[in-house]
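Each chain, letter by letter, is given below.
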Amino acid sequence: MSGTSRRGFAIRVGLVSWAALSLLAASTLTGIAPRLVFDGQMALDLPAFLLIALVAAGSAVSALMAAASSAPRATPLILATLAALTWALAACSLDLASAAVLWGAGWILAAAAMGRAGGPERLEAAVKVQGLGAASALILVLGAALASGLAGSTHLLEAGYQLAARPDSHVLALASARVVLVGIALAAAWVPFHFWAPDALGAGPRPVALVFALAAPLAASLALARVLLALDPTLQLLQVNWRGGLFAFAALTGAVGGSVALVQRDAARLTAYLTVVQCAELFPALVAEPGEGRLWMRAAIAHGVALAPAWLALAAWSEASGEATDWNALSGRGRRVPLQAFLWVAALALAAGFPGGVRFLARPEMARAAPDPWLWALLLALSTLLQWAAVVRLARVLFLQGAADWTGASAPPSRGARAWPAWIVVALAIAFEIWFALAAWRPLFSGARDFGLLPGG
Amino acid sequence: MAGAAKWLALPGPGPWIAVLAVATLAAVVLDGLYGAGPTRTRASHALGSLALGAAASWAMFLAWSPAPAGHDPLLQAVAWWLLVLPVFALGAATPGVEGPRVVARLAASQAAPAVLLAFTPALGFRPVGMLAAGLVRIAAPPLHPACLAAAEALSAGGLCVLLVAGVVVGGPLAVSSAVALPEGIARWLVMGLAVAAGVTGMAAPSEPHLLRRVAAWASVQAGLAVLLARLPESAVGRDPAALALSHLAASAAGLPLLLFTLGRVVVWTRVADLAAHGGLLSSTLVRAQAVVASALASILIAAQAPLALLAALLSASLGVERVFLGIALAGWIGAALGLVLGAYRMVRGRRAAPGEPVPELGRLEALLTLLLIAAAVLSLIYPRAWSAPPAWTSGARASAPGPPSLR
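(A) View of the overall build of chain B. A count of helices and strands for chain B gives 18 helices and 0 strands. Counting every position in chain B, which comprises 407 residues, the buried fraction comes to 61%. For chain B, restricting intrachain contacts to residue pairs at least 6 apart in sequence, the fraction spanning at least 24 positions comes to 81%. Taken as a whole, chain B presents about 15200 Å² of accessible surface, with 69% of it coming from carbon and sulfur.

(B) Inspection of the overall build of chain A at higher detail. For chain A, the count of helices and strands is 19 helices and 0 strands. By sequence separation, contacts in chain A at least 24 residues apart represent 82% of the contacts at least 6 residues apart. When the accessible surface of chain A is split by element, carbon and sulfur atoms take 68% of a total near 17200 Å².

(C) How the structure looks around the packing of helix 3 (residues 46-68) of chain A against helix 19 (residues 420-440) of chain A. Residue and element names in this part refer to chain A. Closest axis-to-axis distance for the helix 3/helix 19 pair is 8 Å, and the angle between their directions is 155°. Of the possible angle classes, the one that applies to helix 3 and helix 19 is roughly antiparallel. Regarding helix 3 and helix 19, the two cross each other, and that crossing is left-handed. Two secondary-structure elements touch here, helix 3 through Leu64, Met65 and Ala68 and helix 19 through Ala422, Val425 and Val426. Partitioning the contact of helix 3 with helix 19 into residue classes produces 6 nonpolar, no polar and no charged.

(D) The arrangement of the interface of chain B and chain A in detail. Taken together, the contacts link 31 residues of chain B with 32 residues of chain A. Regarding the contact of chain B and chain A, the summed buried area is about 2700 Å², with carbon and sulfur atoms giving 79% of it. Where the side of chain B that touches chain A is concerned, the elements lending two or more residues are helix 4 (73-82), helix 5 (84-93), helix 6 (98-118) and helix 7 (127-138) of chain B. Across the side of chain B that touches chain A, the residue classes tally to 26 nonpolar, 2 polar and 3 charged.

(E) Broad picture of the nonpolar core. Residue and element names in this part refer to chain A. Counting residues in each nonpolar core, the largest one holds 312 residues, and the members touching the most others are Trp103 and Trp344. Looking at this core, the element that brings in the most residues is helix 10 (residues 206-237), giving 21 residues. Excluding its chain neighbours within four sequence positions, the residues that come into contact with tryptophan 103 are Trp87, Ala90, Leu140, Ala187, Ala216, Ala219, Ala220 and Ala223.

(F) Just the packing of aromatic side chains, in detail. This structure, assessed with the given rule, holds 19 aromatic pairs over all chains. On the basis of an interplanar angle of 70° and a centroid distance of 5.1 Å, the ring pair of tryptophan 16 of chain B and tryptophan 386 of chain B is categorised as edge-to-face. Here tryptophan 16 of chain B, found in helix 2 (residues 13-33), pairs with tryptophan 386 of chain B, found in the loop between helix 17 (363-381) and helix 18 (394-399); they are 370 residues apart in sequence, far enough to count as distant. Following the ring pairs from residue to residue traces out a cluster consisting of Trp87, Trp103, Trp107, Trp196 and Phe212 of chain A. A cation over a ring is seen here: arginine 298 of chain A above tryptophan 441 of chain A, with NZ or CZ 4.3 Å from the ring centre.

(G) Structural detail: the state of the cysteines. Residues and elements named next belong to chain A. Taken as a whole, this structure holds 0 disulfides over all chains when the rule is applied. Left unpaired, cysteine 279 is separated from the closest cysteine sulfur, that of cysteine 92, by 18 Å. Residue classification places cysteine 279 among the buried positions, given a relative accessible area of 3%.

(H) Main features of the environment of alanine 112 of chain B. Of note, alanine 112 of chain B is situated in helix 6. The spacing of alanine 112 of chain B and valine 136 of chain B is 24 residues in sequence and 7.2 Å in space, taken between C-alpha atoms.

(I) Expanded view of the packing of helix 10 (residues 183-203) of chain B against helix 16 (residues 321-348) of chain B. Residues and elements named next belong to chain B. Contact geometry for helix 10 and helix 16: axes closest at 7 Å, N-to-C directions at 30°. Taken together, the axes of helix 10 and helix 16 lie roughly parallel to each other. Here helix 10 runs over helix 16; the crossing is left-handed. Residues Arg187, Val190, Met191, Ala194, Val195, Ala197, Gly198, Gly201 and Met202 of helix 10 touch helix 16, and the partners they reach there are Glu321, Phe324, Leu325, Ile327, Ala328, Ala330, Gly331, Gly334 and Ala335. Along the lines of polarity and charge, the residues of the contact of helix 10 with helix 16 split into 12 nonpolar, 4 polar and 2 charged.

(J) Geometry of the pattern of salt bridges. Evaluation of the coordinates by the stated rule reveals 12 salt bridges over all chains. Across the pair arginine 212 of chain B and glutamate 152 of chain B runs a salt bridge, and its minimum N-O distance is 2.6 Å. With arginine 212 of chain B in helix 11 (residues 210-228) and glutamate 152 of chain B in helix 8 (residues 145-153), this residue pair connects regions lying 60 residues apart in the sequence. Here arginine 212 of chain B falls in the buried class, since its relative accessible area comes to 18%. Of the charged contacts, one joins glutamate 365 of chain B and arginine 287 of chain B as a salt bridge, the two residues approaching to 3.0 Å between their closest N and O atoms. With glutamate 365 of chain B in helix 17 and arginine 287 of chain B in helix 14 (residues 285-301), this pair connects stretches of sequence that are 78 residues apart. Assigned by exposure class, glutamate 365 of chain B and arginine 287 of chain B land together as buried. It is possible to trace a salt-bridge network through shared partners that takes in Lys128, Asp199 and Arg269 of chain A.

(K) View of the side chain of serine 246 of chain B. All names here are of chain B. On the secondary structure map, serine 246 appears in helix 13 (residues 240-269). Judged by relative accessible area, serine 246 falls into the buried class, the value being 0%. In this structure serine 246 touches Arg238, Gln304, Pro383 and Trp386, once residues within four positions along its chain are discounted.

(L) Expanded view of the side chain of serine 155 of chain B. Residues and elements named next belong to chain B. Counting through the fold element by element, serine 155 comes out in the loop between helix 8 and helix 9 (156-180). Serine 155 sits in the buried class, given a relative accessible area of 16%. Within polar-contact distance, the side chain of serine 155 engages the side chain of aspartate 31 at 2.9 Å. Not counting residues within four places of it along the chain, the set of residues in contact with serine 155 comprises Asp31 and His45.

(M) Region of the structure containing the confidence of the model for chain A. Chain-level statistics for chain A give a pLDDT mean of 83 and a share of 86% at 70 or above. Throughout residues 405-413 of chain A the model reports pLDDT below 50, and contacts reaching past four residues in sequence, or to other chains, amount to 11 contacts.

(N) Summary view of helix 16 (residues 338-352) of chain A. All names here are of chain A. Its 15 residues give helix 16 an end-to-end C-alpha distance of 21 Å, which sits within 8% of 21 Å, the value for a rise of 1.5 Å per residue. With 12 of 15 residues buried, helix 16 is to be regarded as a mostly interior element. Of all the positions in helix 16, only Gln340, Ala341, Leu343, Trp344, Val345, Ala346, Ala347, Leu348, Ala349, Leu350, Ala351 and Ala352 are classed as buried. One or two residues past the end of helix 16 sits glycine 353, with phi positive at roughly 115°.

(O) Structural view of a nonpolar patch on the surface. Together, Val377, Leu378, Ile381 and Tyr382 of chain B make up a nonpolar patch on the protein surface, roughly 390 Å² of accessible area in all. With respect to the helices and strands, the residue leucine 378 of chain B is situated in helix 17.

(P) Region of interest: the environment of leucine 51 of chain A. Residue and element names in this part refer to chain A. Tracing the backbone through its elements, the reader meets leucine 51 in helix 3. Sequence separation between leucine 51 and alanine 300 is 249 residues, and the spatial gap between their C-alpha atoms is 7.8 Å. Discounting chain neighbours no more than four positions away, the residues touching leucine 51 are Ala88, Ala91, Leu218, Ala219, Leu222 and Trp296.

(Q) The arrangement of the confidence of the model for chain B in detail. Residues and elements named next belong to chain B. Mean pLDDT over chain B: 86, with 90% of residues reaching 70 or higher. The model gives residues 1-5 a pLDDT under 50, and that stretch makes 0 contacts with residues more than four places away or in other chains. Below pLDDT 50 for its whole length, residues 399-407 participates in 19 contacts with residues either more than four positions away or in separate chains. Two numbers describe this predicted complex: its pTM, 0.87, and its ipTM, 0.85.

(R) Spotlight on unusual backbone geometry. Across the junction of valine 191 of chain A and proline 192 of chain A, the peptide omega takes the value 5°, indicating a cis bond. Mapped onto the elements of the fold, proline 192 of chain A is located in the loop between helix 8 (170-188) and helix 9 (196-203). Omega for the peptide link from proline 141 of chain B to proline 142 of chain B comes to 0°, which places this bond in the cis form. Among the structural elements, proline 142 of chain B can be located in the loop between helix 7 and helix 8. In this structure, glutamine 239 of chain A is a non-glycine residue whose phi angle is positive, near 55°. Its identity is not glycine, yet alanine 139 of chain B carries a phi of approximately 60°, on the positive side. Mapped onto the fold, alanine 139 of chain B is located in the loop between helix 7 and helix 8.

Each value, and the rule that gives it
- Chains are numbered independently. Their residues run from 1 in the order of the written sequence.
- Following the order in which they are written, the chains are lettered starting with A and the ligands numbered starting with 1.
- Local features in this predicted model are restricted to residues of pLDDT 70 or higher, and side-chain atom pairs are both shown and tallied only at a pLDDT of 80 or more, whereas totals for entire chains, interfaces and linings draw on every residue.
- For the side-chain quantities, the full set of heavy atoms in the structure was used; hydrogens and water were omitted.
- A run of H or I in DSSP counts as a helix once it spans at least four residues, and a run of E counts as a strand once it spans at least two, with each numbered from the N terminus.
- Burial here depends on accessible area, computed with a 1.4 Å probe over protein chains only, as a share of the maximum for the residue type. Under 20% is buried, over 50% is exposed, and the range in between is partly exposed.
- Contact between two residues is taken to exist if any of their heavy atoms lie within 4.5 Å; hydrogens are not considered.
- Here the Shrake-Rupley method, with its probe set to 1.4 Å, supplies the accessible areas, and only the displayed protein chains count as covering residues.
- Structural elements are reduced to axes, namely lines fitted to C-alpha atoms, with helices fitted over the stretch in contact, and the angle between N-to-C directions of any two is expressed from 0 to 180 degrees.
- Any angle between 65 and 115 degrees counts as roughly perpendicular, while under 35 counts as roughly parallel, over 145 as roughly antiparallel, and the rest as oblique.
- In this scheme the crossing of two helices becomes right-handed for a clockwise turn of the near helix relative to the far one and left-handed for an anticlockwise turn of less than a right angle.
- Under the scheme applied here, ten amino acids are nonpolar (Ala, Val, Leu, Ile, Met, Phe, Trp, Tyr, Cys and Pro), four are charged (Asp, Glu, Lys and Arg), and all others, including Gly, are polar.
- Buried area is understood as the total, over both parts, of accessible area removed when two parts are fitted together, assessed with a 1.4 Å probe.
- Put simply, buried Ala, Val, Leu, Ile, Met, Phe, Trp, Tyr and Cys residues joined by side-chain atoms within 4.5 Å make one nonpolar core.
- In this analysis, rings of Phe, Tyr and Trp, with Trp reduced to its six-membered ring, are considered paired at centre separations within 6.5 Å, and the interplanar angle assigns stacked below 30 degrees, edge-to-face beyond 60, and tilted for intermediate values.
- Whether a charge sits over a ring comes down to the Lys NZ or Arg CZ being within 6 Å of the ring centre and within 35 degrees of the ring normal.
- Disulfides are defined as cysteine sulfur pairs within 2.5 Å.
- By salt bridge we mean one thing: a side-chain nitrogen of Lys or Arg within 4 Å of a carboxyl oxygen of Asp or Glu.
- What qualifies as a polar contact is a pair of N or O atoms within 3.5 Å, subject to a donor-acceptor requirement within protein and to the restriction that residues adjacent in sequence count only when both atoms come from side chains.
- Confidence scores labelled pLDDT are given residue by residue by the predictor and lie between 0 and 100.
- How far a helix is expected to stretch is found by multiplying one less than its residue total by 1.5 Å.
- Grouping into patches uses exposed residues only, defined as over 30% relative accessible area, and leaves out salt-bridged ones; the cut-off is 9 Å for like charges and 5 Å for nonpolar side chains (Val, Leu, Ile, Met, Phe, Trp, Tyr).

Quick look at the structure:
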């Protein structure tokens, strides 16, 4: 099936955006949205708005990148954006049952986005996304059911209060918390629940992958932050070392994801695994202090700003320029298109923590804010080195391997000249990240104002 | 002029940068003028060495800068990160498969100390964190395998700048941090470094690769320098921190001499395996004397370490630690033996196969060799020239502004 024209793409995206904004305005004016907030069913606080804003920004940038490709497809991107917004709403929902339904709906939309993109690899990824997404939703429903049985309510705040007040159900209380954690971990692609991510992110269309890479871990981490805040009294009463549990998740994700990234022979899957590793860097914001939204917001912005250039560069390389991403095709390719290859490697290097990137500043700060700075510093340092080694490996393949001469018929064709809009977007994204790291990172959300996570915490 | 005078003032960054400059000069001459391969390859090696020297100089300059630049570990981590780029270029410029194969390992190993340094604010600027960054930077045993891999992959000139840059950039930090360590941890540090340096040094004579022997020698000296910093003053008879910095600087100053003289032979034979070097210098009298002199001079100017270890061994103020100091001393002797035996084999060993003799030492080579000997000797006889950046001493760190608060 051939892609739509750029004009058709722009029209579709524009129509859907107009419809979404209209829906939002209507729900606000008719009082539906405010009622959800004031009834305590949704937490539309600053972290929630930030999440929605990041998803919207990611979708907008992805749309720009998709428009720069030779055959832009609107439907997968629209479906992916809807999935991301659904996940964002799930993260804002204070009712466990509603959140499970929203997560499930989001996974269905995500699978549809993958399937609509076409191709056997993407269909396989769509099946995997659908299966794991359904598992995630079912597990969250189970968690909601346990909470309802124990606490008599699926509302997060009420359940948290009731579970703390009923010390005779420790085992089930802990079980319900663990079940919810597993459901969220599936969504966030934390090892060992990450199996949807390499295929969905690696094989899917790059604009869609960027939206998923941004939305899924951010929404899941925000949801987990709210759950931890609500259940904090229960967890303290039961003397559960939940911070240790989250550290184990982070360590597994960083170590396993980083190690597997090192042995990849395809740049798209390498970027997917690097994204999985970077999802673990949201954990320090969760363990610092329950209810503290400031750290989560800083971590979320760092995640988004650092991730976008890497996926944009991959999209520019593979979709806009039509270059292959497996090692055999990449071998020595950087010598033929040095500027594009340099931008690509630079984007990945900044995401890995090279100075100039926002992660270079964010990681020490996150480690310092955690209760055990030594452990988190060690983990984040290891994560940095694994990611850096993977980036250097890609640079080696691009610039140092392969035949010395690429001339005449032996050189594969490149659409490099026609893909210049895509590379301009990449260069702008890199420049923005560097500016953000140098000028905007330190004063971001600083000051004495409280950024709590739950209303009336 | 005032700025330049301040730069050259002792103590300060001037002496360290002078050592680095000498190493860079030796590397550029060795790779650019006498290197193997076409002009383009030699030029790229020389430029890579020059870039690495410049980057390391900037890191030194930054470390000695007054606040806030000199007190900002993130800014210094940036300077350490930038060392990765010329190392990548040096590895990339190495012909054959060795360069690309090892370049990822080199780039990762050069990034590791920068990453550790960047996390020191998160750890409250505790000396353990800074010590870890310093030890990785100077490739102290047992953190030296990447340094041995570099010896196999890089040219002799590139290896020279890499080793010297690592020592001058990370050495003062490692020594300052070791001095600031609490007693309990310091004891374990001394024992661990002693065993590691001992094993590395005793394994050095069995190393068939000539440049790996030199890298092992450098690594042992770096480890011993940090160990010396924690010996009691009553045992060694002088300020241990000053002794450590002086030994570090002297060892670093000896490396260009060693690598220049040996590197010329390696470049001519195109292999670094000692089996191919046996008796190679038997008919070139001046060059043979230069090789022997460089090996002996490097060992002599690094003699502060074994003398201090011996004094500590004989001191009554130490208990079971003396066993470990004995192991460290054995390591130093082993590493020194590795250099001496290697030089001896090149001069008096049996030729594996008949062939063309190495050309005699030229005028430029002789002049440069003499200059390198003089630089090495100067580094030894002016021990007060060597100091650590004020920002890395514990007093300055305590008064340094912390990272911005989130609240």
